[in-house]
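Given next are the chains, with one letter for each unit.
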Amino acid sequence: MAAISETGAQLFARLGEKPSLARLNPKLIPPGLEPRPGDVVEIYGNSGSGKTELLLNLAAMCILPERWKTIDIGGLGTSVVFIDTDHQFSMLRLFALLERKVAEAIDNRTKRKGRIGDHDGGTSSTTHFNSECANQKDSDSNKETCLQQNVNLNLHSASCRTTETADRSIDEAKFSPPSEEEVETFLKACLKKLYMVKIATSNQLVITLHSLESLLASQCDISVLMMDSVSAFYWVDRMKGDGAHRQGVNQKLAFGALSRLVEDYHLVLFASKAALVTKQPQNEFSLRLDSTGETDHSNRTSTTSVKLSTDHHEFMSQEWTKLVTHRMILERHDHMTSDGPNSSYLSVLKHKASGNMYSCQFIIDQQGIRV
Amino acid sequence: MSLLQVGMCPSMTTEVLKSLNTCDVKTVIDFVTSDTEELSRKCSLSYKVLSSIRRLLLAQYSAFPINGSDLYDEVISTVAYLSTGCDSIDKLLDGGVYTSELTEIVGQAAVGKTQFCLTLASCVAVSSEQNVLFIDTNGGFHASRLHDIIAHKSTSEKITSAALQKVHCATTFDLYGLLDLLESIKASIDSASEAFYSSLKLVVLDSVTAVLAPLLGGKHSEGQGMMVHLARSLKSLAADYSIAVVICNNMVRGERGEPKPALGRTWLTVPHTRIQLRADGKDGNTSRNTETSINRTACLVKSQRQAVNSSCCIAIGDQGVYG
C-alpha cells in the first residue's frame, strides 16, 4: 500500500470531529443504537414503505441547525451528500419538510414565551424543566409543551450546552416570530448544506464515487452520506459483463469505493435498498438465486419476535452485506378505520454487531414521519 | 463503457495508452478505480501525468454535485403540474400529474386506463395548451374518441382542431422500438429541430405491460435488466426535460388471489406516484340502456406528497373521465 500524501486541511477534513447522530431522530433511532462515524445503515423495504421519505426526514434534520436565532430546532447543522440513483429525490418534499419542522419549532418557541418569568439562568436545563412543569401542572396544553421541552432540554444538557441557557432566558422576553421571507432565506441557507448528486448509469456511479473524494476533502462539515438507492443498478449490472466473473463487477467497484469514502472520511452512510427479490418459493427469481448460492443465508435477520411479513432477504452481493452495520426494515400496514383506509408504518432497527433491536411504529403525513 | 483513447486529454498519448493497455487498464473505469501510484510503478509512467489524466477523466465522467439551494431554485422554476381534467383525481394528486415525475395508472382490463389517458391528453392540449405525445403499444389509441373528448372540452371547432394538432401519437410494439423512440425524443428536444418536441409537456405510455411482459419470467435476469433500462430511460426523459410521464400498467393476481400491479417487485419501485383504478359496486355489470356513465374508484397507492390510500369516485362518460 502506497503512502498517502495529504495536506493538513485534508487531514482535518478527514479526521475532524463529526457530530453525534444521537439527536437525529431519537424516536426512530434510539440513543445507543445510533450510527457512529464509519457505520453504514441500510434502509430496507418494499415499494411504498417509506424509504425515500425516511431519508428525506433524516436529511432535513441533518441540514437544519440546532438553533436559529433563539428558536430551538434541534437539527445537527451538518452537511449531507445525497446520491440519487433512482430519480426518486423530491426537492419539493424536502422543502416542505423543512418548512414544517421550522414552523413547528417557532410554534413551540412562541408557546413557551408566555411562561418564562421564573427562569434563573444559572441552574441546569433539566431543573428548569422540572420547576416549570410543577408550576404549570394545572394547564393541559402547557403540559404538552413541557414534555416537548423535556426532550429538547435533555438533549441540550446531553450535548453540554449549559452556556446557552443563560442567553436564552434573556432572549425569552423579546421573541417575535420571524417573517415568512426570513424563514425562506433561512431554509435556502440550510439547503446550501445539501449536495445532490444525480447518477444516470452504473459506470457513472463508480466514477462519481471516486470523484467525491475531492468534495469531501474540501468540505470538512460533511458527515453524512445518503444513497437512494443502492439497489438501483442491481439488475443492469447483473446483465452486463462478458462472462460470469465480470457479472456485477460494477457493483463490486461501487461498494469498494463507498466503503473507502465512509471509512476514510468518518462518514455515516444511510442507504436505501428496495426489496427487489423475495424469498417466497413461488418467486422463481429467488429460487434461482438460492440454487446458485448467491444469497447470503447467514445474514438473514431473524425477526420472528416482531412478526414481519416481509423479512429481510439479502439478494445483493457480499461486498454490500459486509459494509452494513445497521439495518432498518420498513413495512407499511394498510388497515381500515372509521375514517376510511389508513396506513401505519413499522420500522425495525437492528445493530448487526451487538444484535440489539429496536422497533417502533410511525405514521407519515404532511409533517413527515411522526412516531 | 468508454474505452481509453488517444486524445481524450492532452497527456493521453499513444505511448501512454499503449503502456496502460499492457497493464490491463483499458477503460475509464479501470483507470479511475486503480491506484495511481501503483499504476505509475507498473506501467513506468510518470505519476504527475497519470494523476492529471485521472483528474480530467473524473471531471469528465462523474456527475457533478449540485448545491441544494441551486437545485431548489431550478425545481421551483421548472416543475409544473398538469390538470388531469378530472377534479377529484386532481385533488388526489395535489393538483395533477407533476412534470419530471413518473405517474402510473394501474388497473385491470377495461377499467378505464386508456380513457383516463385520453382525457388527460385532451385536457393538457385544450386547457394547458401544451403538446402531448401518446405512445401506443397495444393499439388502444382511438383518434375519434380523442376528438370526441376534446370537442366536449372546447368551445369551438377551431379550438378542437388546434388541440388535436397538439397531440401526436406514436405506435411501437416492442421494447427496442420503444427505447429507440425515447432516445429520439430526447435527441429531438436537444437539437430543437422540431417545434412539437420543444414544448412537449406530457408523454403517455399506454401500456408498459404490453412491451415488458414478454421479456419477463423464465430463468434469465436479462428481462429485469431491460426493464430497468426502460425505467431509467423514462425517468431521465421526465427529470432531465421536465416532462410529465404517465404510464399504464395492468394487474395480475398475486398472493392469496389479490390483484397486484403487473411486472413484479422491481417495477413497483419505479413510478413516483401510482393510482389504482377499480371497478367496484356493480362490478362492471352496468347495462348501457339504463346508465350513461360507468363508475370507478381511483385510489392513490403510492405518493411522495399526499396521504396514501385516499380514494375518490370517478365516472367515465362521453366527455371522458370526470367527477
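These numbers were taken from a predicted model, which means no experiment stands behind them.

What is the right way to look at the overall build of chain B in this model?
Looking only at helices and strands, one finds 14 helices and 14 strands in chain B. Dimensions of chain B along its principal axes, counting C-alpha atoms only, are 85 × 50 × 35 Å. At a minimum sequence separation of 6, the contacts of chain B that also span at least 24 residues come to 66%. Carbon and sulfur atoms make up 51% of the accessible area of chain B, which amounts to about 14,500 Å² in all. Averaging the positions of the 29 positive and the 32 negative side-chain charges in chain B gives two centres separated by 5 Å.

How should I be thinking about the interface of chain B and chain A in this particular structure?
Interface size is often expressed as the accessible area that is lost when the parts come together. Taken together, the 58 residues of chain B in the interface contact 63 residues of chain A. Taken over both partners, the interface formed by chain B and chain A buries close to 5,000 Å², and the fraction arising from carbon and sulfur atoms is 58%. The interface formed by chain B and chain A contains 2 salt bridges. The shortest N-O distance in the salt bridge between A:Lys188 and B:Asp73 comes to 2.6 Å. At the junction of chain B and chain A, the tally comes to 23 residue pairs in polar contact (both at pLDDT 80 or more). Broken down by secondary-structure element, the contributors of at least two residues to the side of chain B that touches chain A are α2 (28-33), α3 (36-42), α4 (47-61), β1 (66-67), α5 (68-78), α13 (222-241), α14 (264-268) and β12 (294-302) of chain B. It is α13(B) that contributes the most residues to the side of chain B that touches chain A, 11 residues altogether. Split into classes, the residues belonging to the side of chain B that touches chain A amount to 24 nonpolar, 19 polar and 15 charged. Bridge count for strand β5 (residues 194-198) of chain A against β1(B) is 2 bridges, and the pairing is antiparallel. What sits directly across from A:Tyr195, in β1(B), is B:Asn67.

Looking at this model, I keep getting lost on the domain arrangement of chain B. Mind explaining?
In terms of domain boundaries, chain B breaks down into domain 1 (14-61) and domain 2 (78-270). Each of domain 1 of chain B and domain 2 of chain B has a C-alpha centre, and the two are 44 Å apart.

Would you take a moment to explain the environment of B:Thr99 for this structure?
Secondary-structure assignment places B:Thr99 in the loop between β3 (97-98) and β4 (102-107). Taking C-alpha positions, B:Thr99 is 39 Å from B:Ile53, a pair spaced 46 residues apart along the chain.

What should I look at first to understand the environment of A:Cys62 in this one?
Residue and element names in this part refer to chain A. Tracing the backbone shows Cys62 in helix α2 (residues 51-63). Taking C-alpha positions, Cys62 is 28 Å from Tyr234, a pair spaced 172 residues apart along the chain. Residues within four places of Cys62 in sequence aside, it is in contact with Leu24, Leu76, Gly77, Thr78, Val80 and Val224.

In this structure, what is going on with the confidence of the model for chain B? I would like to understand it.
All names here are of chain B. Of the residues in chain B, 95% reach a pLDDT of 70 or more, and the chain-wide mean stands at 88. A low-confidence stretch, residues 283-290 stays under pLDDT 50, and its non-local contacts, those more than four residues away or across chains, total 2 contacts. The ipTM for the predicted assembly is 0.89, set against a pTM of 0.82.

Looking at this model, I keep getting lost on the nonpolar core. Mind explaining?
Nonpolar side chains in soluble globular proteins generally cluster together in the buried interior. Judged by nonpolar contacts, the single largest core of 66 residues is most densely connected at A:Val81, A:Trp320, B:Leu4 and B:Leu20. Here this core takes 8 residues from helix α8 (residues 202-218) of chain A, the largest share from any one element. Those residues in contact with A:Val81 that lie beyond four places of it in its chain are A:Tyr195, A:Val197, A:Leu212, A:Leu215, A:Leu216, A:Ile222, A:Val224, A:Leu225 and A:Met226.

Honestly, the packing of α8(A) against α4(B) in this entry has me stumped. Any pointers?
The description of two packed helices rests on the angle between their axes and on the distance between the axes. Contact geometry of α8(A) with α4(B) gives a least axis separation of 9 Å together with a crossing angle of 125°. Put simply, α8(A) runs oblique to α4(B). The interaxial crossing formed by α8(A) with α4(B) has left-handed handedness. Residues A:Gln204, A:Ile207, A:His210 and A:Ser211 of α8(A) lie in contact with α4(B), whose contacting residues are B:Arg54, B:Leu58 and B:Tyr61. Partitioned by chemical class, the residues of the contact of α8(A) with α4(B) number 3 nonpolar, 3 polar and 1 charged.

Which parts of the structure should I look at to understand unusual backbone geometry?
Where the residue is not glycine, phi is negative for most of them; where a peptide bond is considered, it is trans in most cases. Here A:Asp228 and A:Ser229 are connected by a cis peptide whose omega angle stands at 0°. Looking at where A:Ser229 falls in the secondary structure, it is placed in the loop between β6 (222-228) and α9 (234-239). In the segment running from B:Asp206 into B:Ser207, the intervening peptide bond is cis, with an omega of -5°. Within the secondary structure, B:Ser207 is located in the loop between β7 (200-206) and α12 (208-212).

Is there a simple way to think about the packing of aromatic side chains in this case?
Note on aromatic pairs: each is described by the distance of the centres and the angle between the planes. Residues and elements named next belong to chain A. One pass over the full model with this rule turns up 10 aromatic pairs over all chains. When the ring of Trp68 is compared with that of Phe186, the centres are 4.0 Å apart and the planes differ by 10°; the resulting orientation is stacked. Here the residue Trp68 occupies a position in strand β2 (residues 67-68), and Phe186 occupies one in helix α7 (residues 180-191), the gap between them amounting to 118 residues. The same class applies to Trp68 and to Phe186, which are both buried. Ring geometry for Tyr234 versus Trp235: centroids 5.0 Å apart, planes at 70°, classification edge-to-face.

I would appreciate a short explanation of α2(A) in the present structure.
Residue pairs three or four apart in sequence face the same way in an α-helix, which turns once every 3.6 residues. Taking 1.5 Å per residue, 13 residues should reach 18 Å; α2(A) reaches 19 Å between its end C-alpha atoms and fits that length. Most of α2(A) is tucked away: 13 of the 13 residues are buried.

Even after reading the chapter, I still don't get the sheet that holds β4(B), so can you show me in this structure?
Think of a sheet as strands paired side by side through backbone hydrogen bonds, with each pair either parallel or antiparallel. Residue and element names in this part refer to chain B. Strand order in this open sheet of 9 strands is β6-β5-β7-β8-β4-β11-β12-β13-β14, and the pairing throughout is mixed. Edge strands, defined here as strands with exactly one partner in the open sheet, are β6 (167-171) and β14 (320-322). In this sheet, neighbouring strand axes are inclined to one another by 25° on average, regardless of whether the strands run parallel or antiparallel. Its contacts with the sheet put helix α9 (residues 157-166) on β5 (131-136) and β6, and the angle it makes with β6 is roughly 40°.

Can you walk me through the pattern of salt bridges in this structure?
Pairing is possible between side chains of opposite charge, provided their charged atoms come close. Counting across every chain of the model gives 20 salt bridges over all chains. Residue A:Glu66 is joined to A:Arg23 by a salt bridge in which the shortest nitrogen-to-oxygen separation is 3.8 Å. One end of the pair, A:Glu66, is in the loop between α2 and β2; the other, A:Arg23, is in the loop between α1 (8-15) and β1 (40-45), with 43 residues separating them in the sequence. Accessibility assignment for this pair places A:Glu66 and A:Arg23 in one class, buried. In this structure, B:Glu101 and B:Arg305 form a salt bridge, with 3.0 Å as the shortest nitrogen-oxygen distance. With a gap of 204 residues between them, B:Glu101 in the loop between β3 and β4 and B:Arg305 in the loop between β12 and β13 (311-317) connect regions that are remote in the sequence. The residues B:Glu101 and B:Arg305 share a single accessibility class, namely buried.

Would you take a moment to explain the side chain of A:Asn57 for this structure?
All names here are of chain A. Assignment of secondary structure puts Asn57 in helix α2. Here Asn57 falls in the buried class, since its relative accessible area comes to 4%. Excluding residues that lie within four positions of it along the chain, Asn57 makes contacts with Leu97, Lys101, Gly368 and Ile369.

Can you walk me through the packing of helix α8 (residues 143-153) of chain B against α9(B) in this structure?
Residue and element names in this part refer to chain B. Their axes nearest at 9 Å, the elements α8 and α9 cross at an angle of 135°. It follows that α8 is oblique to α9 by the angle criterion. Here the hand of the crossing between α8 and α9 comes out right-handed. When α8 is examined against α9, the residues Leu146, His147, Ile150 and Ala151 are found in contact with a partner set consisting of Glu157, Thr160, Ala163 and Leu164. When the residues that make up the contact of α8 with α9 are grouped by side-chain class, the tally is 5 nonpolar, 2 polar and 1 charged.

Conventions used here
- Residues numbered from 1 in each chain as written.
- Chains lettered and ligands numbered in written order.
- Predicted model: local features only at pLDDT ≥ 70, side-chain atom pairs only at ≥ 80, totals over all residues.
- Heavy atoms only, no water.
- Helix = DSSP H or I, 4+ residues; strand = E, 2+ residues; numbered from the N terminus.
- Contact = heavy atoms within 4.5 Å.
- Areas by Shrake-Rupley, 256 points an atom, 1.4 Å probe, with all protein chains shown as cover.
- Lys, Arg positive; Asp, Glu negative; His and termini not counted.
- Charge placed at Lys NZ, Arg CZ, Asp CG, Glu CD.
- Buried area = accessible area lost by both parts, 1.4 Å probe.
- Salt bridge = Lys/Arg side-chain N within 4 Å of Asp/Glu carboxyl O.
- Polar contact = N/O pair within 3.5 Å; in protein donor to acceptor, adjacent residues only side chain to side chain.
- Nonpolar A, V, L, I, M, F, W, Y, C, P; charged D, E, K, R; others polar.
- Pairing = 2+ DSSP bridges.
- Domains from an automatic or database assignment.
- pLDDT = per-residue confidence, 0-100.
- Core = buried A, V, L, I, M, F, W, Y, C linked by side-chain atoms within 4.5 Å.
- Buried < 20%, exposed > 50% of the residue type's maximum accessible area, 1.4 Å probe, protein only.
- Axes fitted to C-alpha atoms, helices over the stretch in contact; angles between N-to-C directions.
- Parallel < 35°, antiparallel > 145°, perpendicular 65-115°, else oblique.
- Left-handed = near helix turned anticlockwise from the far one by under 90°.
- Phe/Tyr/Trp six-rings, centres within 6.5 Å; stacked < 30°, edge-to-face > 60°.
- Expected span 1.5 Å × (residues − 1).

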